[in-house]
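Spelled out from the first residue to the last, the chains are:
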Amino acid sequence: MTMADLNAMDPAIWPASATRNDAGELVVGGVSVVELAREYGTPLYVYDEADVRQRARDYVRSFSADDITTRVYYAGKSFLTTAVARWVSDEGLGVDVCSAGELAVALRAGVPVWISGVTKSMRWATSDHHWGHRNILRYCAATRPFPDVDEMNAQLIARWNEP
C-alpha cells in the first residue's frame, strides 16, 4: 500500500466534493476542515449539503418503479437536525425515526415521518410532543394507535397528569 492509497478519497465514504488542497488539508464543499476547526472547534460534524441532496435524489431514483408506489426514508438515527431533515425531504425522502427525540426533530422540520422500532408504549404514543400533529397519523399508518387526531388529542388530555 502506498501513501497515495492511504490518502485516496473513496467516493463511497466521502462527499463528492472532498479533496485535498495544496497543503494536504481535507477540503469539503470547497472549505478546508482545518479552517472550520479553527473557527468552530472540535469535534465538528461537517456535511456538504449539495452532496446530501444529490445522494437523496439518487436513492429516490434508484428505488423508483413504474408498477408500484415506493417511498425512501432517511435513517434519523444516523444524524438528524431540522436542516438535514428538510434537505432530504426536499429531495423526496421521508425520515425514519425511532426515539421521541428524533420524532420531535422531524416534526419540528415538518417532514414526512415513519416511526420504526418495537415497544412503542401508549405512554410514548400519548406524550406531549405528538400534540395535534396530523403527520403522526398520516405517515405512520402501520404503527398508529389512534384512528384520528381528535382521538389522539383526547387521549393526550386524558393522560396528561397520569403518574
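Here the structure is shown first, and the text comes after it.
Counting restarts for each chain, with residues numbered from 1 along the sequence as it is written. In view of the model being predicted, local features appear only for residues whose pLDDT reaches at least 70, and side-chain atom pairs are presented and counted only at 80 or more, with totals across whole chains, interfaces and linings using the full set of residues. Side-chain numbers come from the whole structure's heavy atoms, not from hydrogens or water.

Spatially, S4-S5-S6 is the arrangement adopted by the three strands of the open sheet, whose pairing is parallel. Two strands bound the open sheet, and with one partner strand each, they are strand S4 (73–75) and strand S6 (113–115). Taking the axes of each pair of neighbouring strands and ignoring which way they run, one obtains an average angle of 30° across the sheet. Pairing between S4 and strand S5 (residues 94–97): three bridges, direction parallel. Strands qualify as paired when DSSP identifies two bridges or more between them. Elements are defined by DSSP. Helices are runs of H or I of four residues or more, strands are runs of E of two residues or more, and each kind is numbered from the N terminus. Axis definition: a line fit to C-alpha positions, over the contact stretch in the case of helices; interaxial angles, taken between N-to-C directions, run 0 to 180 degrees.

Take the packing of aromatic side chains next. Two numbers describe a pair of aromatic rings. These are the distance of the centres and the angle of the planes. Centre distance within 6.5 Å is the pairing criterion for rings of Phe, Tyr and Trp, where only the six-membered ring of Trp is used; planes under 30 degrees apart are then read as stacked, over 60 as edge-to-face, and the remainder as tilted. Scanning all chains against the criterion turns up three aromatic pairs. Aromatic side chains tyrosine 73 and tryptophan 114 sit 6.2 Å apart centroid to centroid with 50° between the ring planes, which places their arrangement in the tilted category. Of this pair, tyrosine 73 sits in strand S4 while tryptophan 114 sits in strand S6, and the two are 41 residues apart along the sequence. Classification of tyrosine 73 by relative accessible area gives partly exposed; the value is 30%. One aromatic cluster in this structure is built from Tyr45, Tyr47 and Phe79. Taking the ring centre of tyrosine 73 as reference, the NZ or CZ of arginine 71 above it sits at 5.7 Å. Exposure classes here rest on a 1.4 Å probe applied to the protein chains alone. A residue is buried below 20% of its type maximum, exposed above 50%, and partly exposed in between. In our convention, an over-ring charge means Lys NZ or Arg CZ found within 6 Å of a ring centre and within 35 degrees of that ring's normal.

So, about helix H2 (residues 33–40). As used in this structure description, the phrase polar contact means that two N or O atoms lie within 3.5 Å; if the pair is within protein, one of them must be able to donate a hydrogen and the other to accept it, and residues adjacent in sequence are counted only when both atoms belong to side chains. A side-chain oxygen of the first residue of H2 lies 3.1 Å from the backbone nitrogen of valine 34; this N-cap is serine 32. Positioned one or two residues after H2, glycine 41 has a phi angle of 85°, which is positive.

We now examine the nonpolar core. Formed by 20 residues in total, the largest nonpolar core has its most connected members in Tyr74, Val88 and Val95. Counting residues per element, the ones that place at least two in this core are helix H3 (49–62), helix H4 (82–90), S5, helix H5 (100–109) and S6. Not counting the four nearest positions on each side in its chain, valine 88 is found in contact with Val52, Ala56, Tyr74, Leu93 and Val95. We call a set of buried Ala, Val, Leu, Ile, Met, Phe, Trp, Tyr and Cys residues a nonpolar core when their side-chain atoms join them within 4.5 Å. Here a residue-residue contact requires only that any non-hydrogen atoms of the pair lie within 4.5 Å.

The subject of this paragraph is the layout of surface pockets. Points on a 1 Å grid over protein atoms alone make up a cavity when a 1.4 Å probe fits among them but cannot get out, and a pocket when they form an open set with protein on both sides within 12 Å along at least five of seven lines; lining residues each have an atom within 4 Å of a point. Grid points are joined across faces, edges and corners, and a volume is the space filled by probe spheres set on the points. By volume, the largest pocket is sized at about 670 Å³. Tyr47, Asp51, Val52, Arg55 and Tyr74 are, among the 26 residues lining the largest pocket, the residues nearest its centre. When residues of the lining of the largest pocket are traced back to their parent elements, those giving at least two are strand S2 (26–28), H2, H3, S4 and H4. When residues in the lining of the largest pocket are grouped by element, the largest group, five residues, is from H3. Each residue gets one label: Ala, Val, Leu, Ile, Met, Phe, Trp, Tyr, Cys and Pro are nonpolar, Asp, Glu, Lys and Arg are charged, and the others, such as Gly, are polar. Along the lines of polarity and charge, the residues of the lining of the largest pocket split into 21 nonpolar, two polar and three charged.

Looking now at the pattern of salt bridges. Only one rule defines a salt bridge in this text: a Lys or Arg side-chain nitrogen within 4 Å of an Asp or Glu carboxyl oxygen. Summed over all chains, the structure comprises seven salt bridges. The closest approach of N and O atoms between arginine 55 and aspartate 51, which form a salt bridge, is 2.8 Å. Taken together, the residues span about one helical turn, with arginine 55 and aspartate 51 both in helix H3 at a distance of four residues. For arginine 55, a relative accessible area of 29% puts it in the partly exposed group. Note on aspartate 51: relative accessible area 11%, which makes it buried.

For the rest of this paragraph, the subject is the pairing of S5. Each regular strand shows side chains that alternate between the opposite faces of the sheet. A two-sided burial pattern is seen for S5, the buried positions comprising Gly94 and Asp96 on one face and Val95 and Val97 on the other. By convention, a crossover is right-handed whenever its connection, traced from the first strand over the helix to the second and viewed with the strands pointing away, goes clockwise. Considered for its hand, the β-α-β crossover made up of S4, H4 and S5 is right-handed. Pairing between S5 and S6: three bridges, direction parallel. The residue of S6 that forms the bridge with aspartate 96 is tryptophan 114. Read from S5 through H5 to S6, the crossover connection turns out right-handed.

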